[in-house]
Amino acid sequence: VQLVESGGGLVQTGDSLRLSCAASGGTFGNFAMAWFRQAAEKEREFVAAISWNGDDTYYSDSVKGRFVISRDNAKNTVSLQMYNLKPEDTAIYYCAGDGAIIAANVHDDNSYGYWGQGTQVTVSS
């Protein structure tokens, strides 16, 4: 499975931005999908995840209420709608996916075998 992110950019505090991840070459519809991010000189951290059918979503405390993850299995895409962006949201955002991930492990990047190349999000103050 190949994952390609898009939609990153430079925005101001309080702005919104929508990231997309397009999947190809595999059974996307069976995959749990997630977004992670990595800020400069920090470890990669979990942002949000969604179950294979979209019924279950998970968010980190830092983005809960501001970010929304969604997927369209017909189009093999997963999106991250980000509202009320803050400077601390600045990072490279990665799309990740894999099959058979239990809920307890969706926050763990080791659970995902497929990753995109990342897209930069910069939020200016």
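All figures in this text were calculated on a predicted structure; none of them were measured in a lab.

J.: Looking at this structure, how should I read the packing of aromatic side chains?
T.: Pairs of aromatic rings are described using the distance from one ring centre to the other and the angle between the two planes. Evaluated as defined, the whole model comprises six aromatic pairs. Relative to Trp115, the ring of Tyr94 has its centre 6.5 Å away and its plane inclined at 75 degrees; by these criteria the two rings are edge-to-face. In this pair, Tyr94 sits in strand S9 (residues 91–99) while Trp115 sits in strand S10 (residues 114–115), placing the two residues 21 residues apart along the sequence. Put simply, the rings of Phe36, Phe46, Tyr94, Tyr112 and Trp115 touch in pairs and so form one group of aromatic residues. The ring of Trp115 carries Arg44 above its face, with NZ or CZ at 3.9 Å from the centroid.

J.: How should the side chain of Arg71 be read in this particular structure?
T.: By the secondary structure assignment, Arg71 is in strand S7 (residues 67–72). Buried charge without a partner: Arg71 forms no salt bridge, and the closest opposite charge is Asp72, 8.2 Å away. Polar side-chain contacts of Arg71 include one of 2.9 Å to the backbone oxygen of Phe28. There is a polar contact of 2.7 Å between the side chain of Arg71 and the backbone oxygen of Phe31. Arg71 has contacts with Phe28, Gly29, Phe31, Ala32, Met33, Ile50, Ser51, Trp52, Gly54, Thr77 and Val78, leaving out every residue within four places of it along the chain.

J.: Is there a simple way to explain the nonpolar core in this structure?
T.: Where a protein is soluble and globular, its nonpolar side chains tend to be buried together. In terms of nonpolar packing, the biggest core is built from 26 residues, with Met33, Trp35, Val78, Leu80, Met82 and Tyr93 touching the most fellow members. Counting only elements with at least two residues in this core, the list comes to strand S3 (17–24), strand S4 (31–38), strand S5 (45–50), S7, strand S8 (77–82), S9 and strand S11 (119–124). Element by element, the count of residues in this core is highest for S3, at four residues. Not counting residues within four places of it along the chain, the set of residues in contact with Val78 comprises Leu19, Ser20, Cys21, Phe28, Met33, Trp35, Ile50, Ile69, Ser70, Arg71 and Cys95. Grouped together as the second largest cluster of nonpolar side chains are nine residues, Ala34, Phe46, Ala96 and Ile101 included.

J.: Honestly, the pairing of S9 in this entry has me stumped. Any pointers?
T.: Most of S9 is tucked away: seven of the nine residues are buried. As paired elements, S4 and S9 share eight bridges and run antiparallel to each other. Each residue of the ladder has a partner; that of Ala32, found in S9, is Asp98. In this structure, S9 lies alongside S11, joined through three bridges in antiparallel fashion.

Rules and cut-offs
- Residues numbered from 1 in each chain as written.
- Predicted model: local features only at pLDDT ≥ 70, side-chain atom pairs only at ≥ 80, totals over all residues.
- Heavy atoms only, no water.
- Phe/Tyr/Trp six-rings, centres within 6.5 Å; stacked < 30°, edge-to-face > 60°.
- Helix = DSSP H or I, 4+ residues; strand = E, 2+ residues; numbered from the N terminus.
- Lys NZ or Arg CZ within 6 Å of the ring centre and 35° of its normal.
- Buried < 20%, exposed > 50% of the residue type's maximum accessible area, 1.4 Å probe, protein only.
- Lys, Arg positive; Asp, Glu negative; His and termini not counted.
- Salt bridge = Lys/Arg side-chain N within 4 Å of Asp/Glu carboxyl O.
- Polar contact = N/O pair within 3.5 Å; in protein donor to acceptor, adjacent residues only side chain to side chain.
- Contact = heavy atoms within 4.5 Å.
- Core = buried A, V, L, I, M, F, W, Y, C linked by side-chain atoms within 4.5 Å.
- Pairing = 2+ DSSP bridges.

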